[in-house]
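Descriptive structure summary
One letter stands for each residue in the lines below.
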Amino acid sequence: MALGWNVSNLFYKFKVLVLVTLFVMVLWNTFSYLVDTRQEIPKAKSMVEFFWKVARLEQSQKKEKIESTTDVPMVESFRDPCPALSPYLQGASKLSFKPSVTLEKVQKENPQVARGRYHPVECSALQHVAILIPHRNREKHLLYLLQHLHPFLQRQQLDYGIYVIHQAGNTKFNRAKLLNVGYLEALKEANWDCFIFHDVDLVPENDFNIYTCDTQPKHLVVGRNSTGYRLHYRGYFGGVTALTRDQFSKVNGFSNNYWGWGGEDDDLRIRVEMQKMKLVRPPADVARYTMIFHKRDRGNEENRERMKLLRQVSRTWKTDGLNSCSYQLLSVEHNPLYINITVDFSVQPKISQGPTPPRL
């Protein structure tokens with residue numbers, strides 16, 4: 001009887017001990033869990049904050065990208081090519097030249113032209129075109145030409161630059177050599193596809209007369225008001241001509257020896273024909289120009305040696321041209337509407353051919 005009670009009492013104490021032990025274990029695990037949880041909460045909180053930051057950054061970048069594509073024109077490589085025929089062309093127009101026009105007014109009318117250059121924003125131009133204008137003492141004519149030429153070229157969706165090559169000093173005017181200089185200096189700035197050699201007193205009347213180069217040298221002046229809009233003569237290749245870099249290089253450019261008025265354009269035609277190239281022209285009703293009437297400039301008198309020089313072209317063209325064009329470069333100024341290149345031919349320095357041109 002006493003033995004049974006002792007066994008029962010021992011069993012009871014064992015059960016209590018087990019229960020206490022289990023209770024302590026539960027308390028210990030609960031306490032450990034709470035401690036671990038408190039340590040993990042900041043980690044979890046920091047992770048959540050990190051993901052929120054990433055999400056906000058991505059959203060901000062997307063917003064900035066949208067705004068940047070709205071404010072800044074797309075990179076040219078991502079734009080579609082411009083059409084072969086621009087939708088902005090207007091056709092023939094009657095030109096007027098107001099004496100009251102100023103350079104500032106022309107500049108305000110062409111806000112997208114900067115440092116003499118223009119790039120269409122809506123598409124990628126098919127050609128990069130350098131307009132070369134020989135100049136001396138024709139400031140008003142230059143102003144009239146710039147006023148009409150800039151919007152004319154923009155309607156054609158061309159990527160272009162206008163270079164005015166000014167002859168300083170008192171030597172006779174040399175149009176051809178100035179154009180050689182313009183070609184060489186323009187290539188120091190950009191890798192132009194096409195060169196338009198343009199007299200300062202000829203203004204195009206019809207913007208369907210496209211200022212781009214062709215597979216053959218192109219003559220753009222079929223008619224002008226001073227000739228009753230008829231071709232001056234069959235072999236005429238003066239006024240405004242367009243040649244690619246390869247075409248102009250192949251004929252070694254213009255001769256440098258035509259001082260005064262006349263002969264240099266016929267010399268260029270002979271060079272073109274000697275290289276088995278043909279002149280092409282736009283239709284007569286499109287290639288029309290208004291010539292700004294003027295008296296012949298002092299220092300640009302008729303060249304009486306031109307016929308003699310023309311008879312020598314076949315013997316001289318390889319050594320008289322781009323590869324022998326020497327000049328003293330006085331300045332290159334990037335004005336808002338054109339790049340002004342000033343040279344002096346009275347001093348004959350070493351031939352300047354320029355470095356390898358950069359890419360456009």
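Residues numbered from 1 in each chain as written. Predicted model: local features only at pLDDT ≥ 70, side-chain atom pairs only at ≥ 80, totals over all residues. Heavy atoms only, no water.

1. Here's the deal with the overall build of the protein
For clarity, the threshold we go by: Starting at the N terminus, helices and strands are each numbered in turn, a helix being any DSSP run of H or I of at least four residues and a strand any DSSP run of E of at least two. Throughout, exposure labels follow a simple rule: accessible area from a 1.4 Å probe, protein chains only, divided by the maximum for the residue type, with under 20% read as buried, over 50% as exposed, and the rest as partly exposed. Residue contacts follow a heavy-atom distance rule, with two residues in contact if any of their heavy atoms lie within 4.5 Å. For the area figures, the Shrake-Rupley method with a 1.4 Å probe applies, and any residue is considered shielded solely by the protein chains shown.
Secondary structure assignment for the protein yields eight helices and eleven strands. A buried classification covers 45% of the 360 residues belonging to the protein. Within the protein, contacts between residues at least 6 apart in sequence are counted, and of these 82% link residues at least 24 apart. Looking at the protein as shown, the accessible area adds up to about 20700 Å², and 58% of this sits on carbon and sulfur atoms.

2. Looking at the pattern of salt bridges
What counts is decided by this rule: The term salt bridge refers to a side-chain nitrogen of Lys or Arg lying within 4 Å of a carboxyl oxygen of Asp or Glu.
Inspection of every chain in the model, using the stated rule, returns 14 salt bridges. Of the charged contacts, one joins Arg155 and Asp207 as a salt bridge, the two residues approaching to 2.7 Å between their closest N and O atoms. Of the two residues, Arg155 is situated in helix H3 (residues 139–155) and Asp207 in the loop between strand E5 (202–204) and strand E6 (218–219); the sequence distance between them amounts to 52 residues. Take Asp207: its relative accessible area is 1%, and that puts it in the buried class. Ionic pairing is found between Glu273 and Arg269, a salt bridge with its closest N-O pair at 3.5 Å. A residue pair is termed a helical-turn pair when its members lie 3 or 4 positions apart in one helix, as Glu273 and Arg269 do in helix H6 (residues 264–274) at four residues. On the basis of relative accessibility, which here comes to 41%, the residue Glu273 falls in the partly exposed class. Classification of Arg269 as buried rests on a relative accessible area of 17%. Residues joined by salt bridges that share partners form a network here, namely Arg175, Asp199 and Glu264.

3. Let's talk about helix H4 (residues 175–189)
What counts, and what does not: To estimate the expected span of a helix, subtract one from its residue number and multiply by 1.5 Å.
Between its first and last C-alpha atoms H4 spans 22 Å; for 15 residues at 1.5 Å apiece the expected length is 21 Å, and the two agree. Taking burial as the measure, the 15 residues of H4 include 13 buried ones, the bulk of the element.

4. Points about the nonpolar core
Our working rule: Nonpolar cores are built from buried Ala, Val, Leu, Ile, Met, Phe, Trp, Tyr and Cys residues. Side-chain atoms within 4.5 Å join them into one set.
Within the largest apolar cluster, 36 residues are counted, with the highest numbers of intra-cluster contacts made by Ile131, Leu153, Ile162, Ile196 and Tyr211. Of all elements in the fold, only strand E2 (128–135), H3, strand E3 (159–168), strand E4 (194–198), E5, strand E8 (240–244) and strand E9 (288–291) reach the threshold of two or more residues within this core. Here the element with the most residues in this core is H3; it accounts for eight residues. When sequence neighbours within four positions are dropped, the list of residues in contact with Ile162 reads Gly116, Ile131, Ile133, Leu146, Leu149, His150, Leu153, Leu337, Tyr338 and Ile339. Grouped together as the second largest cluster of nonpolar side chains are 32 residues, Ile165, Val181, Phe254 and Ile339 included.

5. Some remarks on the sheet that holds strand E7 (residues 223–224)
For clarity, the threshold we go by: One bridge is not enough; two strands pair if DSSP finds at least two bridges between them.
The strand order across the open sheet formed by three strands is E5-E9-E7, and the pairing between neighbours is mixed. A single partner strand is all that each edge strand has here, and the edge strands are E5 and E7. Across three bridges, the pairing between E5 and E9 is antiparallel. Each residue of the ladder has a partner; that of Pro204, found in E9, is Tyr289.

6. Details of the state of the cysteines
To be explicit about the condition: Cysteine sulfur atoms are paired as a disulfide whenever they fall within 2.5 Å.
Within this structure, the stated rule accounts for two disulfides. Across the disulfide from Cys82 sits Cys123; the S-S distance is 1.9 Å. Here the S-S torsion is close to 90°, and the disulfide linking Cys82 with Cys123 is therefore right-handed. Here the residue Cys82 occupies a position in the loop between helix H1 (2–71) and helix H2 (103–109), and Cys123 occupies one in the loop between strand E1 (117–118) and E2, the gap between them amounting to 41 residues. The buried category is assigned to Cys82, whose relative accessible area is 5%.

7. Side note on the confidence of the model for the protein
Note the cut-off: Each residue carries a pLDDT score, the predictor's confidence in it, ranging from 0 to 100.
Here the protein averages 82 in pLDDT, while 73% of its residues score no lower than 70. In the predicted structure, residues 33–76 sits below a pLDDT of 50 and forms five contacts with residues beyond four places in sequence or in another chain. Between residues 349–360, whose pLDDT stays under 50, and residues either more than four places distant or in other chains, the model counts 33 contacts.

8. Examining the environment of Phe173
Position of Phe173 relative to the elements: it lies in the loop between E3 and H4. Its relative accessible area of 12% is what places Phe173 among the buried residues. Each C-alpha atom, one on Phe173 and one on His135, is 8.9 Å from the other, the two residues being 38 residues apart in sequence.

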